[in-house]
Amino acid sequence: MEDDFDIPTAGKFNETDGEDAIGDDMDAPEGGAGGKVGEEKEIGKDGLKKNILNEGDGWDTPINGDEVEVHYVGSLLDGTRFDSSLDRELPFKFKLGLGHVIQGWDDGIKTMKKGEKSFFTIPPALAYGESGSPPTIPPNATLQFEIELLSWTKVKDISKDGGILKTIVTEGQNWQTPKDPDEVLVKYEARLEDGSLVSKSEEVEFTVKDGCFCPALSKAVKTMKKGEKALFTVKPQYGFGENGSDPSSGDECVVPPNTTIQITVELVSWKIVSEVTTDKKVLKKILKEGEGYDRPNDGAIVQVKLVGKLEDGAVFVNKGHNETPFEFKIDEEQVIDGIDRSVKTMKKGEVAVLTIHPEYAFGSIESHQESAIIPANSNVYYDIELISFEKEKDTWELSTQEKIETSGRKKEEGNTLFKRQKYERASKRYEKALSFVEYDSTFSDDEKQEAKILKISCNLNNAACKLKLKDYKQTVKLCTKVLDADSKNVKALYRRAQAYIQLVDLDLAEMDIRKALEIDPKNRDVKLEYKLLKEKVKEYNKKDAQFYGNIFTKMNKLEHLQSSNGARKQETVPMTIDSKA
């Protein structure tokens, strides 16, 4: 309960906390805000009655925690008037649902709309009960209040434990809010509850997850929109805790231990920082938002301006800042992997800063660039602007013949990458090639035959990539797809057998090899694989024999030991008799 919120009583607002006025029910009462003007309606089951005098605006009603502002006139059943905010010409403010007023008020005002004026009849159990509020309100008094809901301010418990309460002062723009990696620019002012200044900053920039000033600020900004201004009431556990704070200079004051503070925060702007790769080793910080929603895809031709820098700020490359932008094709290794991946997340006109770890940059080898040497294992940073791009056509944009031609071209690109031992990238090319012919319901009979040959070839070549990448389960799946279409494909049987051997499914491997030899008895590769399989079988049989031999040896030793121990026990333990016999 907060000492600066009072309860309406006879003739004035009490200066006490008014425990007798606190309602136990903190939830909305049964019965809604409905009803017609001039029609009395019961709210809930405890006898609270409401008669709407003037309709409010809209449909929204306040909820627990909101700060409401009302005018009211209170009277007894005989018409005796005991209190009125109108007489004082000062609206009354309090936080709804927190027991700062009598329960009849909490329950009734939750049903009101902005601007609504209603007449409430409140039974003793929801007012001052058996004790009343002497001298003006007698025991067991039913009260009547004419209440006008002027406005309310939403108060949110953003920490879910009452530790940080948020009141919006000025609404923000759009719907987005900052995330942990983002960099925010804020203005803030922190004060004690008595108004003493604790700290003030016209503008400060920080990473959300790192925070600033006190732990509450990091949590606070994650609930705010751009341009929003809000007041946060911060309990000690999110402020300065048991120790408080003792600033050494300036006009700032000491924060005593276990003290609640109030921080007014304005979110001026923020820079979105996204994780381009799942391992967080390529980060993109947006300095300027791009246009629309479209982004480049693999194979797109892009035009950019970029400046590459080392950690000390030394520039090692500067491209596209003359009359002609720097142009490259995505996923063709014309730039480092980190740039390739990042540009695919950008919109036209977007400006960003990239932070790229060595794995996605120049790796563990020293690299000589235009203006500087990049040391081994260096993080690099790029200022980049996406001027324009031309996307590679999607499948649905192509005719059936174009799909087959594109699939064939992608397959050949995959073959080139495979020969260069770029197995992961080759695998992606084969998957891309397959996507153009995988669904052939609109193809002619001749085109279906071409598509079938391409599908077999792409899956077979992709299986070879997966073998090199030691992804044996995926190798089995791809070879099985090929064999579903062509049950006598020796290469598919051979590669699936290789995968089965690595997965130690030796019986399945032997079945595939035997079938391959039936189809092509002279195939040298299959014969060599069969020889390898036999050696593996011998090796595993030998290991099994040794394993089980060791088990039997240990069991024999254990039995012998137990037998010896039993004999010794029989020798040393004398036979006893029951003395009671």
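Residues numbered from 1 in each chain as written. Predicted model: local features only at pLDDT ≥ 70, side-chain atom pairs only at ≥ 80, totals over all residues. Heavy atoms only, no water.

1. Examining the pattern of salt bridges
So, point 1. For the structure on display, the rule yields 31 salt bridges.
So, point 2. Glu189 is paired through a salt bridge with Lys200; the nearest N and O atoms lie 3.6 Å apart. Here Glu189, found in strand E10 (residues 183-192), pairs with Lys200, found in strand E11 (residues 197-207); they are eleven residues apart in sequence, far enough to count as distant.
So, point 3. Classification of Lys200 as partly exposed rests on a relative accessible area of 48%.
So, point 4. Of the charged contacts, one joins Asp512 and Arg496 as a salt bridge, the two residues approaching to 2.7 Å between their closest N and O atoms. Of this pair, Asp512 sits in helix H10 (residues 506-519) while Arg496 sits in helix H9 (residues 490-502), and the two are 16 residues apart along the sequence.
So, point 5. Exposure remark for Asp512: the relative accessible area of 5% places this residue in the buried category. (Salt bridge = Lys/Arg side-chain N within 4 Å of Asp/Glu carboxyl O. Helix = DSSP H or I, 4+ residues; strand = E, 2+ residues; numbered from the N terminus. Buried < 20%, exposed > 50% of the residue type's maximum accessible area, 1.4 Å probe, protein only.)

2. A word on the confidence of the model for the protein
So, point 1. On average, residues of the protein score 86 in pLDDT, and 86% of them reach the 70 mark or higher.
So, point 2. Segment residues 1-7 is flagged for pLDDT under 50; beyond a separation of four residues in sequence, or across chains, it makes 26 contacts in the model.
So, point 3. In the model, residues 567-581 has pLDDT below 50 throughout and makes zero contacts with residues more than four positions away in sequence or in other chains. (pLDDT = per-residue confidence, 0-100. Contact = heavy atoms within 4.5 Å.)

3. Focus: the environment of Tyr382
So, point 1. Mapping Tyr382 onto the fold places it in strand E22 (residues 380-390).
So, point 2. On a C-alpha basis, the gap between Tyr382 and Val353 in space is 5.5 Å, while along the polypeptide they are 29 residues apart.
So, point 3. Apart from residues lying up to four places away in sequence, Tyr382 is in contact with Leu306, Val307, Gly308, Phe316, Val317, Ile336, Ile339, Ala352, Val353, Leu354, Ile356 and Phe362.

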